[in-house]
Amino acid sequence: MTTAPWRDPALPAAARVDDLLSRMTLEEKTAQLYGVWVGATATDGGEVAPLQREMTADYEWDELITHGLGQLTRPFGTAPVDPVLGARALARAQRRIAGAGRFGIPAIAHEECLAGFTAWQATAYPVPLAWGATFDPELVEEMARRIGQDLRSVGVHQGLAPVLDVVRDLRWGRVEETIGEDPYLVGTVGAAYVRGLESAGIIATLKHFAGYASSAGARNQAPVRAGIREFADVTLPPFELALREGGARSVMAAYNDTDGVPAHADTGLLTELLREQWGFTGTVVSDYFGIGFLQTLHRVAGTEAEAAHAALAAGVDVELPTLKCYGTPLLEAVRAGSVPESLIDRAARRVLLQKCELGLLDEDWDPEPAGRITLDSAANRALARRLAEESVVLLDNPDGLLPLAPDTRIAVVGPRADDALAMLGCYSFPSHVLTHHPEVPTGVEIPTLLESLRAELPDAKVTFAEGCGVSDPDTSGFEEAVARTAEADVCVAVLGDRAGLFGRGTSGEGCDASDLHIPGAQGELLDALVATGVPVVLILLTGRPYALGRWDGRLAAVVQAFFPGEEGGPAVAGVLSGRVNPSGRLPVSVPRVPGGQPWTYLQPPLGLKAGVTNLDPTPLYPFGHGRAYTAFTWEDFTGGPQTEVDTDGSYDVSVTVRNTGERAGAEVVQLYLHDPVASVTRPDVRLIGYRRLELEPGEASRVTFRFDADLSAFTDRQGRRVVEPGALELRLGASSTEVRHVARLTLTGPVRELGVERRLRCETESAKVSAAVPGD
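Residues numbered from 1 in each chain as written. Predicted model: local features only at pLDDT ≥ 70, side-chain atom pairs only at ≥ 80, totals over all residues. Heavy atoms only, no water.

1. Some details on the packing of aromatic side chains
- All chains considered together, the criterion is met by 16 aromatic pairs.
- Each ring, one from Trp6 and one from Phe103, has its centre 5.7 Å from the other, and the planes form 80°; the classification is edge-to-face. Of this pair, Trp6 sits in the segment before helix 1 (13-23) while Phe103 is found in the loop between helix 4 (83-100) and strand 3 (108-111), placing the two residues 97 residues apart along the sequence. As far as the burial class goes, Trp6 and Phe103 line up, both buried.
- Ring-pair connections join several aromatic residues into one group, and the members of that group are Trp37, Trp172, Tyr212, Tyr255, Tyr288, Phe289 and Phe293.
- Positioned over the ring face of Tyr427 is Lys207, at 5.6 Å from the centre of the ring. (Phe/Tyr/Trp six-rings, centres within 6.5 Å; stacked < 30°, edge-to-face > 60°. Helix = DSSP H or I, 4+ residues; strand = E, 2+ residues; numbered from the N terminus. Buried < 20%, exposed > 50% of the residue type's maximum accessible area, 1.4 Å probe, protein only. Lys NZ or Arg CZ within 6 Å of the ring centre and 35° of its normal.)

And the structure:
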C-alpha cells in the first residue's frame, strides 16, 4: 500500500498540504474554515459570548462532519464537564470527525485560557492585570507553560490568549483582562505568556487585533477613533513583540472598527501589515461571531455571503465559534462566482499547515489522553500562590500599621471579604460559566480573605460584618459594620468588584463603568468606617482601579489586588500578617477623582495638569508605584562615558540597589524615556525597560540597562517610524514619577527610518555585588 504524499511525515509540511488541497473538494476545503460550538444554543439568557443564541446557525452534525471540520469550540468551557470524562468525550468526537470524512482529519479544539484553563476543576490563576503588577515575565511564562500542559493533557490544541490590548480608559469593563496601560509592559509580559503556552505545544492566539481597548466612551465593542500615531506607537507594539519574541501562531481579529473600518474586514491590518510587513504565517481567527457582525452590527455587508467575502478577502482564515457565514452562504457565493475559490484555498492552506504542525495529518495520530489528568495540581496551586503574592500592591502604609500585630482585634468588613468569587475574574470558570449552574460545586478550593486572615493570624480576634452588597445602594448593613469596627483595634475593609459578563457584574466583558466611583454603596460604607476613628486598612479586590482621592490621608493603609485567583485569599492575608513582603507595582494608574476619564500616564504635555482647565488628571498613585516592608537604596549610578550617541547607537546606565531593611524583599527598577523636543508630541515619559530584583537584607545587586536608540523611535508626520536626533533623558525610577537618577544624552546624526527588524526590547542584566552579612 502506497502512502499518499500528504500523509508522509518525511515530506515538508508545505508539500504535504499542497498535495492534500489538490485532492479536496470545495466543500471539504471550506469545512476547514469554520468551527462548531456544541451546546451554544442550550443556554437561557446565560450567554458567555455576545448574541450567542441569535448568531448561531442550525446544522445537522452527522451530515456536517462528512466534509471535515476546522475547529471544535470550547468542549470544556461551555458547561461543567469532569476533566477525565470530558477528555474521553473529546477523543470520541475527534474519532467521529476523522471517521466521517474522506481524509480522516480531526478538528483543532480550542479553549479560553485567559486566567488559567477556563474549565471545571482547573486552576484559577490571577487575571492578566495581576500579571502586569508582578513585573515578572519569567513567572508568567512558567504559569503559561503549566496552563498549556493542562490543555494538552485533555486534547486541546489552541488557547485564546493572551489579551494584548493596552488600557486607554479605565472605565472599560475588560481592563481586568489586560496587562496594563503601558505597551512595553504589555508586550514583554504578553510575549512571556506566549512563549510559555507555545512551549507546551499549544497555539497561542493574540487578541484583540487591533484597537479594541481604545473604544469610544469605554463601551464594549464601541468604535475606535485613535489616530495613526496612537495606533502605531501604543496599540500595535505588544502584538509585534509577542509575534517576534513569543512565536504566537494565531491572531484573533477585534470586534471594533477603527476610523470606520471593522477589523474583520481590514485588509490593511490583517494582510498588508500582519503578513506582508511583519511576516506572520499562522492563522487569523475571528472573534466570536465577528464575521456575522459585519452584516448585523457594522452594516458593511448586506448578506452573510458578503460578510464572508469581506472577511476572507481581508485575511480572516477561520470563523469562530460556529458556522454562520463560512458555511452555506460562502459555498453558494463561490459557486455563483461572486467569491473566488482562491480565497478558500489560501485560508484552507494556512489551517491545514497548522494541523500538519500539530500532527493531525499523521496516520499515527491518536486522540486518546495520555497520562493522569489533574487540572489543579499542588504544583499549579503553589504557582498560583506565588503569582498572587507577587501581584499584591501596597499602595500606602503611612504610619507602618501593616503588618498587623498577631494578637490584635480585627473587624473585617465589606462585601468582598467572605465571597470566594471576589478572587476571580470574568474569564475564570466559576465566574464565566458556573453562575449559570448554581447546583454545581466550584470545583477548586478558593479560600476567602476572611477565612485566610483567620488562618494567618490564629491569635487575633476577628469579627465580620458584610456592611453592604457589591453594587446595590442598600445601606441597612452599615450599623452592624460600624458596631463591629468600634469594638476593634483595626478595621480591614474589603471592597471591590464582582466579575461578570454583559452587565451581570461590575467588571468584565460588557461590564463598563460610567465613572470610577467604587461600585454601589461601598464608598459610603468606607466613609462610615473611617468616621469611627478606628484605623482602617482598605483592601481592594477589583478588576480595575477606582478613584481613591476621597480617602487620601484618612486611611491607615491601602492594599490593591487585581482579582488574584484561587490563592488570592492567602496571598493578601500574608501581606496583612507580614508573611509576604509586598512587591507588586501598579500596571495602571490609580486616579484621584472618579471623573475626567479617559486618562493613562502616557500623556503628551497637554494631557498633564495645566492652568487652562480646572480638571487635574494627576493620579493619586502613579503607574509603577508600590511600597514594601523593607527599604532600598539606589547607589553608584553611572551612565555611559559619552553624552552623545549616534541615532543607530546604544548607551548603558547602571545602578546598584541595596536592601537596607531587616527582611527580604523585591525592588522593581524601572527605566523611562523623556523626549524634550520632537517633531510630533510625545508622552512626557514612557517605560522602556525594567528589572525585578529579589534581595536579602543587606544584599545588593547591580543592574544595567542597555538603551538602544531604536527604543526612542516613534511615528512621524509622514507615518514613518523614525529615530530623531536631539536631546533625551533616561530616568531610572521606582515609578513613573518617583525618579531616582537621570542620564542626559544627545542623539546625533541623521534621522533614521526603522523597518520591522527594529529593536523592541531594552536588554538588561543584573549581578549580585554583595551578600547579606549576619548582624549588619
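2. Side note on the environment of Ala307
- Counting through the fold element by element, Ala307 comes out in helix 12 (residues 304-314).
- Owing to a relative accessible area of 0%, Ala307 belongs among the buried residues under this scheme.

3. Considerations on a negative patch on the surface
- On the surface, Asp418, Glu445, Glu451, Glu466, Asp472 and Asp474 cluster together to form a negatively charged patch.
- Note on Asp472: relative accessible area 34%, which makes it partly exposed. (Patch = residues over 30% accessible without salt bridge, like charges linked within 9 Å, V, L, I, M, F, W, Y side chains within 5 Å. Areas by Shrake-Rupley, 256 points an atom, 1.4 Å probe, with all protein chains shown as cover. Salt bridge = Lys/Arg side-chain N within 4 Å of Asp/Glu carboxyl O. Lys, Arg positive; Asp, Glu negative; His and termini not counted. Charge placed at Lys NZ, Arg CZ, Asp CG, Glu CD.)

4. Considering the confidence of the model for the protein
- Scored by pLDDT, the protein comes out at a mean of 95, with 96% of its residues at no less than 70.
- Across residues 772-776, where pLDDT falls below 50, the model places four contacts with residues more than four positions away in sequence or in other chains. (pLDDT = per-residue confidence, 0-100. Contact = heavy atoms within 4.5 Å.)

5. Regarding the sheet that holds strand 26 (residues 752-753)
- If you trace the three strands from one edge of the open sheet to the other, you get 22-23-26, paired in antiparallel fashion. Across the chains shown, the open sheet's two edge strands, defined by having one partner strand only, are strand 22 (714-715) and strand 26.
- Pairing of strand 22 with strand 23 (residues 721-723) involves two bridges; the strand directions are antiparallel. By the bridge assignment for strand 23, Phe714 is matched with Val722. (Pairing = 2+ DSSP bridges.)

6. Looking at the sheet that holds strand 9 (residues 283-285)
- Strand order in the open sheet formed by seven strands is 1-2-3-4-5-6-9, with parallel pairing between adjacent strands. Two strands in the sheet have a free side with no partner beyond their single neighbour: strand 1 (35-36) and strand 9.
- Alignment of strand 4 (residues 158-159) against strand 5 (residues 203-209), held across two bridges, turns out to be parallel. For Gln158, the partnering residue across the bridge sits in strand 5 and is Ile203.
- Sitting on the sheet, helix 7 (residues 183-199) touches strand 4 and strand 5, and the angle it makes with strand 5 is about 145°. (Axes fitted to C-alpha atoms, helices over the stretch in contact; angles between N-to-C directions.)

7. Some thoughts on unusual backbone geometry
- For the peptide bond that leads from Lys207 to His208, omega is 5°, which places it in the cis range.
- Along the polypeptide, His208 turns up in strand 5.
- Residue Pro403 follows Leu402 across a cis peptide bond; omega there is 0°.
- With respect to the element layout, Pro403 can be found in the loop between strand 10 (393-396) and strand 11 (409-413).
- Positive phi values are uncommon outside glycine, yet Arg74 reaches one of about 45°.

8. Thoughts on the pairing of strand 24 (residues 726-733)
- With six of its eight residues buried, strand 24 lies for the most part within the structure.
- Note that strand 19 (residues 665-674) and strand 24 share five bridges and pair antiparallel. Within the sheet, the bridge partner assigned to Gln670 lies in strand 24 and is Gly733.
- Where strand 24 lies against strand 25 (residues 739-748), eight bridges are found, and the strand directions are antiparallel. Bridge pairing links Arg731 to Val742 in strand 25.
- Counted along the chain from strand 24 to the antiparallel partner strand 25, the turn is five residues long.

9. Focus on helix 7
- With 17 residues, helix 7 should reach 24 Å at 1.5 Å per residue; the first-to-last C-alpha distance of 24 Å fits that figure.
- Burial analysis of helix 7 places 15 of its 17 residues in the buried class, which makes it a mostly covered element.
- Looking at where helix 7 begins, the residue whose side-chain oxygen comes 2.8 Å from the main-chain nitrogen of Tyr184 is Asp182.
- At the C-terminal side of helix 7, Gly201 shows a positive phi close to 85°. (Expected span 1.5 Å × (residues − 1). Polar contact = N/O pair within 3.5 Å; in protein donor to acceptor, adjacent residues only side chain to side chain.)

10. What to know about the environment of Val17
- Of note, Val17 is situated in helix 1.
- Among the residues examined, Val17 registers a relative accessible area of 0% and is labelled buried.
- Residues Val17 and Cys356 lie 339 residues apart in sequence; the distance between their C-alpha atoms is 7.7 Å.
- Sequence-distant contacts of Val17, that is, excluding residues within four places in its chain, are made with Arg349, Leu352, Leu353, Cys356 and Leu361.

11. Considerations on the nonpolar core
- In terms of nonpolar packing, the biggest core is built from 203 residues, with Tyr193, Phe209, Tyr326, Leu548 and Leu730 touching the most fellow members.
- Excluding residues that lie within four positions of it along the chain, Leu548 makes contacts with Leu395, Ile518, Leu538, Leu540, Val558, Val590, Pro591, Arg592, Leu620 and Tyr621. (Core = buried A, V, L, I, M, F, W, Y, C linked by side-chain atoms within 4.5 Å.)

12. Digging into the pattern of salt bridges
- As enumerated under the stated definition, the model contains 56 salt bridges in all.
- Across the salt bridge formed by Arg692 and Asp136, the nearest N and O atoms sit 3.9 Å from each other. Residue Arg692 is located in strand 20 (residues 686-695), and its partner Asp136 is located in the loop between helix 5 (128-134) and helix 6 (137-153); the two are separated by 556 residues in the primary sequence. Grouping residues by exposure puts Arg692 and Asp136 together as buried.
- The closest approach of N and O atoms between Asp317 and Arg350, which form a salt bridge, is 2.9 Å. Of this pair, Asp317 sits in the loop between helix 12 and helix 13 (328-335) while Arg350 is found in helix 14 (residues 341-357), placing the two residues 33 residues apart along the sequence.
- On the basis of relative accessible area, Asp317 is assigned to the buried category, the value being 1%.
- Looking at Arg350, the relative accessible area reads 15%, which means it is buried.
- A cluster of three or more residues bridged by salt bridges with shared partners is formed by Asp136, Arg386, Glu390, Arg692 and Glu694.

13. Some words on the packing of helix 1 against helix 14
- Packing of helix 1 against helix 14 brings their axes to within 9 Å, and their N-to-C directions diverge by 130°. With respect to each other, helix 1 and helix 14 are oriented oblique. Like other packed secondary-structure pairs, helix 1 and helix 14 cross with a definite hand, here right-handed. Between helix 1, through Ala13, Ala14, Arg16, Val17, Asp18, Leu20 and Leu21, and helix 14, the contact on the second element is made entirely by Asp345, Ala348, Arg349, Leu352, Leu353 and Cys356.
- Its residues assigned to classes, the contact of helix 1 with helix 14 comprises nine nonpolar, no polar and four charged. (Parallel < 35°, antiparallel > 145°, perpendicular 65-115°, else oblique. Left-handed = near helix turned anticlockwise from the far one by under 90°. Nonpolar A, V, L, I, M, F, W, Y, C, P; charged D, E, K, R; others polar.)

14. Topic: the state of the cysteines
- Within this structure, the stated rule accounts for zero disulfides.
- This cysteine, Cys511, is not joined by any disulfide, and Cys426 carries the nearest cysteine sulfur, 7.2 Å off. (Disulfide = S-S within 2.5 Å.)

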